[in-house]
Each structure stands twice: as C-alpha cells, then as structure tokens.
Amino acid sequence: MAGGFWRKYGVKNGVRVALTTHGRRIWLALRRTPKVNSLVNRWLINGAVYTMKTRPGALSTLGDYTSWESLRDRTWNRRYLRADPGLIVDGRPPVAAVAQLFARPDGHNIVSEKSTLLFPLFAQWFVDGFLRTDPTNPLKNTSTHDIDLSQLYGQTRAVTDMLRGDHGLLLTSDVDGHEFPPYYFRDGAVDERFERLELVSGDDPKTTEIEKITEELKPHLFALGIRRGNIHYGFVMMSTLFLREHNRVARLIGRQNPCFSSDQVFETTRNTMIVLLIKIVIEEYINHITPIKFPLFVEPGLGAQERWFRQNWMSTEFNLLYRWHSLIPTKVRVGGQRRPFSELQWDTRPVTTHGLAKLFDEASRQPCSTISLLNTDPFMLPIEAKSIEVGRAAKLASYNDYRHSCGYPRLRSFEDLSAKRDVRDALRACYGDDIDKVEFFPGLFAEDVRQNATLPPLMATMVAVDAFSQALTNPLLDPNLHTPDTFSRAGMDVIESTTSLSDIVKRNIDGESVDPFVSLARENWGDS
C-alpha cells in the first residue's frame, strides 16, 4: 500500500482496515461457519466500539468539567473530548464562510458510486427517532436516547395514546384501499384527536413549521410520532411502511393469541417492531455503510459482559456527524418526474399519489450524492451553518483532536486530508495553512470516502462506536427478554424471517402494480 495510507490510518487502524476490507471469500466462509461466525462478529463489533472511550462519559455539554449533574442529566448532550482552547479565539472564520465549504456548485453534484437515494432517506428517518436537538438550546436535547421507533409511536405515552386505534392497531387513513397514517387535518381544522400533537420546527423555537406550509399542502399532512415527521415524502414513505407493518404484525399476533387484550397486542407488536428495526439497521444499513467483508449480524446478548454495555446517551459529536445533507441530490425522480428536492419539503402527496411500491422502486434505482465538502445543495446550506454554530456553542475540539482520540495519526497537511484539489483550496482559503485549525464538523466531510465505503474514515469510525453501543444495548436484545413471551411466537417468526427493508416492503404493497426493487446499494453493485 502507498505511504499515504499509513500516514492517514496509522499502524493499528491501518492493519485492521487492510485485513477486514480484503479477502472476501475467507470472511464469507467464516460467516457461514457455526460458532466461529459468532466469535468473529463479536470481535469486529467490540473492536469498533472500543475505538473510543466507553460510557459513562466524563463530560457533557452542561459544563467544562465533570459534576454529578453532568453524569446524570441526559437533557444535556454527552461529549467525548474537552474543548480545545486554541480554537476558541477571535479570528476563526465566520460561520458563513465555513458554510460555503459545503456549497455545491451549480451542475456539480458528485454522485455516489455505491448508494441509492433510499440510503439517505432511510438514514434521516432512522436517526431522527433519537437525535433530537432542543430548539431552545443547541447544547441540550429532547431525545429518549433509545432506538424505540418514536417516529411511529411518539416519545411519550400521551402521544402514543393519540396515535393508537383498537385491537392493538395504529390509527390509519384509507386511500384507495391502502393504509396510510391518519390525517392531521379534518375539514380545514386540526383533527380534535391530534390537537395536542405538535408539529414544531426543531430549528426555530419561535416558529411552527405549520405556519410555513402552504394552504395547498396542509390537508395532506399526517399525524406522526415525532415533530417534523412530514418534512418530505421520503420520511412519510418510511413511516407509512412501518405503520403498515405494525398493523400487519398486530393482526397476526391478535389472531394467534385471542386471549390478548388490545394493550397486550399493541405492546407485543411494538416490541417486535423495535427489534425488527434494529435488525435491519445492523444487518442491512450498517453492512451497507462499512466496506468490511464480513456481514455483521444481530446476536441477542452480544456485549452484555462488555464495558461498553451502558445506558444510552447521545453525544453532540454523534448528532453533528450524522448530518448527511450532501447525500441529497439537487433533483430526484419522483413519480416519473425529475423534481428539485427543495420543492418537496412538506409535500406528502407523492406517497398517496404514487404508492409505496413505486416510490421505493424509484428511490432504489437512482443514485444519491456522496458525502463531501462542496456537495450540499444550496437550499440546505442554512442547516450546515446551524451545525457549525452548534459545534462552536459546544466548544468542540479540532478535527485533528478527534482523529487522535480514535487512534488515527494527526494529519500534517491538507494533502493528507483530501486528494481533491478543490477541497484543499477551499479549506486553505477558509483556515489558512494550519490543518490544526480545521473544526470538527467540516473536517469530517473533507476526508475522502475510501473505496467500497459510503462514509469518510473518521466519520465511519465514530458512527460505528455509537451505532453498535447504542443499538445493541436495547433491553429487548437481552437473552432473558428475547423470547416468545416478549414478542409472541408470531412476533418471533417475523423477526427471524426478516433480513432487509425489501422483505418489509414486499409484504405491505398488496394491490400495487409495481414489483419494486428495494436496495440501499445501486443495482449491480459489485462485490469487489
């Protein structure tokens, strides 16, 4: 390998990357070998998590030092590193100048070689369930910190009760014989069932998003579990799919267990759906993100004896590194038409007009963009600016500091950071010649995406740390709970027989004319 590889990765991480991204036949043979597959799976996952310090963390955004409140008050974000005093000085480039590092020039959308549009649509829907910034204070959150399908069920019992129907089902609207979420409006006014269900922007505490939506779009908004659940058609498409699956599974459980009350059917179904989501996240989504050749899988009890098996607590760094706005193309194909994605905000009509089968198929047959600086559509640059402000408000350490904390060598020049000259030139224009001045958020997106991957190296490393340590600690994966008593036999069968989003889509599109291709990876993506 070239010397630049070892300068960027270091010996320990370099050896791990080299071993796990080559020798596909050997890794697949290990995956197919009973007992050995479990050992390898645990070794890879533990190795990823232990890259950074495990919870409990010493710091939160409550203050610059450890206190009892900083160890227990999860309304503040966790943080990994102390502030870097060298960054907190006058002379930092203006936020607007740093935001321009993300700007996509007209007609210069950098397309992903690996991923489809379904990848960012699923990613946003998934993480918005637990990464919830407090609109009144960017250092705080309104999150449950758990993967709990709050997109569907809400974050509180009160919201859940508003969205529930009879017999353990979720409320629905019928459109041409198909189930969709219930409409938020009825006869021009908010449906009285949902008067306490908020649709408030997470970005502006003084303005409700409902005030920004045209009268033409308002009647098509749905009652969903979290704020901003109607943000665009892709979000609603995902929520509709999981709503249908909830009701399908609830009917199965109800038929097989006639003695169950409506509450027991509902709760047993919710247990099943949460584990179903975690399984898809690990076995399809994470396996798509990583270039390693061993397909990872969910194993109940994995990690229970490890140091990282702790109560979930989302961090500011995790919140920021998941802002993958550059994945969204300037234009997308919806219902057979090319439309600017900016025009699809708060427009849920494509979901009922075209149906799930058509939309999943279209999203899976067109590429998304790739994660990079200079690749965010202009309409999302204000969100990038807010992200930079969040990093500064939290006094996050430098990009190089976070590389060091993950076992990577500190980079010495912009040539080590990116092979793209336009990215290097833009960084120098913003930060001068000192790479140590590059802030955490733009630095993450400046790195090149390595071959067969979807994310730059530092971002991928930090995603893995939190993804595994926060998903696999779910109590429903404890061996004492992962039983038919928790899910019912019908629920266990659903969990065991499901490995992909495609499985869920195919069983929830009866009567739709399209037999969809459903994939996070582009069609005919190679196995190199």
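Because the structure is predicted, anything quoted here is derived from the model rather than measured. (Residues numbered from 1 in each chain as written. Predicted model: local features only at pLDDT ≥ 70, side-chain atom pairs only at ≥ 80, totals over all residues. Heavy atoms only, no water.)

Q: Would you explain the overall build of the chain in this entry?
A: The helix and strand tally for the chain stands at 20 helices and 10 strands. Here the chain has a C-alpha radius of gyration of 23 Å; the compact-globule value for 528 residues is 24 Å, and the two agree. With respect to the three principal axes, the spread of C-alpha positions in the chain is 65 × 55 × 50 Å. Classification of the 528 residues of the chain by burial places 59% in the buried group. Entry remark: accessible area of the chain is about 22,100 Å², with carbon and sulfur atoms responsible for 51%. (Helix = DSSP H or I, 4+ residues; strand = E, 2+ residues; numbered from the N terminus. Rg over C-alpha atoms; globule rule 2.2 N^0.38 Å. Buried < 20%, exposed > 50% of the residue type's maximum accessible area, 1.4 Å probe, protein only. Areas by Shrake-Rupley, 256 points an atom, 1.4 Å probe, with all protein chains shown as cover.)

Q: Quick question: what am I supposed to make of the packing of helix α9 (residues 233-256) against helix α19 (residues 484-497) here?
A: Relative to each other, α9 and α19 sit at 140°, their axes nearing to 9 Å. With respect to each other, α9 and α19 are oriented oblique. Helix-helix and strand crossings are classified by hand; for α9 and α19 the assignment is right-handed. Residue-level inspection shows Glu245, Arg248, Val249, Leu252, Ile253 and Gln256 of α9 in contact with α19, the latter providing Phe487, Ser488, Arg489, Ala490, Gly491 and Val494. For the contact of α9 with α19, the per-class residue count stands at 6 nonpolar, 3 polar and 3 charged. (Axes fitted to C-alpha atoms, helices over the stretch in contact; angles between N-to-C directions. Parallel < 35°, antiparallel > 145°, perpendicular 65-115°, else oblique. Left-handed = near helix turned anticlockwise from the far one by under 90°. Contact = heavy atoms within 4.5 Å. Nonpolar A, V, L, I, M, F, W, Y, C, P; charged D, E, K, R; others polar.)

Q: What is the right way to look at the side chain of Arg104 in this model?
A: Looking at the secondary structure, you find Arg104 in the loop between α5 (95-99) and β3 (111-116). Separated by 2.9 Å, the side chains of Arg104 and Thr330 make a polar contact. The contact partners of Arg104, leaving out residues within four places of it in the chain, are Asn109, Ser326, Ile328, Pro329, Thr330, Ser369, Leu374, Asn375, Thr376, Asp377 and Pro378. (Polar contact = N/O pair within 3.5 Å; in protein donor to acceptor, adjacent residues only side chain to side chain.)

Q: What should I look at first to understand the pattern of salt bridges in this one?
A: Should the charged atoms of two oppositely charged side chains come close, the side chains can pair. In this structure the tally under the stated criterion is 31 salt bridges. With its nearest N and O atoms 3.2 Å apart, the salt bridge here joins Arg157 to Asp161. Of this pair, Arg157 and Asp161 both sit in helix α8 (residues 157-163), separated by 4 residues, roughly a single helical turn. Take Arg157: its relative accessible area is 56%, and that puts it in the exposed class. With relative accessibility at 41%, the residue Asp161 sits in the partly exposed group. The closest approach of N and O atoms between Glu523 and Arg365, which form a salt bridge, is 3.1 Å. (Salt bridge = Lys/Arg side-chain N within 4 Å of Asp/Glu carboxyl O.)

Q: Whenever I open this one, the environment of Thr268 confuses me. Can you help?
A: Looking at where Thr268 falls in the secondary structure, it is placed in helix α10 (residues 262-289). Classification of Thr268 by relative accessible area gives buried; the value is 6%. It is 28 Å that separates the C-alpha atoms of Thr268 and Asn41, two residues lying 227 residues apart in sequence. With near-sequence residues (within four places) excluded, Thr268 lies in contact with Ile253, Phe260, Thr486, Phe487 and Ser488.

Q: Before we go on, may I ask you to explain the nonpolar core in this structure?
A: In a soluble, globular protein the nonpolar side chains are often hidden away together inside. The biggest cluster of nonpolar side chains holds 158 residues, and the ones touching the most others in it are Phe126, Tyr285 and Trp324. The residues contacting Tyr285, other than those within four sequence positions of it, are Phe119, Phe122, Ala123, Phe126, Ile280, Tyr322, Trp324 and Leu520. (Core = buried A, V, L, I, M, F, W, Y, C linked by side-chain atoms within 4.5 Å.)

Q: Explain the packing of aromatic side chains to me, please; I cannot follow it from the model alone.
A: Evaluated as defined, the whole model comprises 22 aromatic pairs. Considering the side-chain rings of Phe102 and Phe445, the 5.6 Å spacing of their centres and the 65° angle between planes classify their relative orientation as edge-to-face. Within this pair, whereas Phe102 is found in the loop between α5 and β3, its partner Phe445 is found in helix α17 (residues 440-446), the two being separated by 343 residues in sequence. Joined through ring pairs, the aromatic side chains of Phe119, Phe122, Trp125, Phe126, Phe130, Phe242, Tyr285, Phe318, Tyr322 and Trp324 make up one cluster. Taking the ring centre of Phe180 as reference, the NZ or CZ of Arg244 above it sits at 4.9 Å. (Phe/Tyr/Trp six-rings, centres within 6.5 Å; stacked < 30°, edge-to-face > 60°. Lys NZ or Arg CZ within 6 Å of the ring centre and 35° of its normal.)

Q: Would you mind going over α10 with me for this structure?
A: Residues that lie three or four places apart on an α-helix share one face, since the helix turns once every 3.6 residues. Here α10 is 28 residues long and its end C-alpha atoms lie 39 Å apart, about the 40 Å a rise of 1.5 Å per residue gives. Where α10 bends most, at Val281, the angle is about 35°. Counting buried positions along α10 gives 24 out of 28 residues, so the element sits mostly inside the fold. (Expected span 1.5 Å × (residues − 1). Bend = angle between axes of the 7 residues up to and from the residue.)

Q: Got a minute to help me understand the packing of α10 against α19 in this structure?
A: The axes of two packed helices give the description: the angle between them and the distance between them. Where α10 contacts α19, the two axes come as close as 9 Å, and the packing angle between them is 25°. Comparing their axes, α19 and α10 come out roughly parallel. As for how α10 packs across α19, the hand of that crossing is right-handed. Contacts between α10 and α19 involve Thr268, Asn271, Thr272, Val275, Leu276 and Lys279 from the former and Thr486, Phe487, Ser488, Gly491, Val494, Ile495 and Glu496 from the latter. For the contact of α10 with α19, the class distribution of residues is 5 nonpolar, 6 polar and 2 charged.

Q: Explanation requested: a nonpolar patch on the surface in the structure shown.
A: Taken together, the side chains of Trp6, Val11, Val15 and Leu19 make up a nonpolar region of the molecular surface, amounting to roughly 380 Å² of accessible area. Along the polypeptide, Leu19 turns up in helix α1 (residues 3-20). (Patch = residues over 30% accessible without salt bridge, like charges linked within 9 Å, V, L, I, M, F, W, Y side chains within 5 Å.)

Q: Teacher, can you tell me more about unusual backbone geometry here?
A: In most cases, non-glycine residues show a negative phi, while peptide bonds are predominantly trans. Look at the link from Arg55 to Pro56: it is a cis peptide, with omega at 0°. Locating Pro56 in the fold gives a position in the loop between α3 (36-49) and β1 (59-60).

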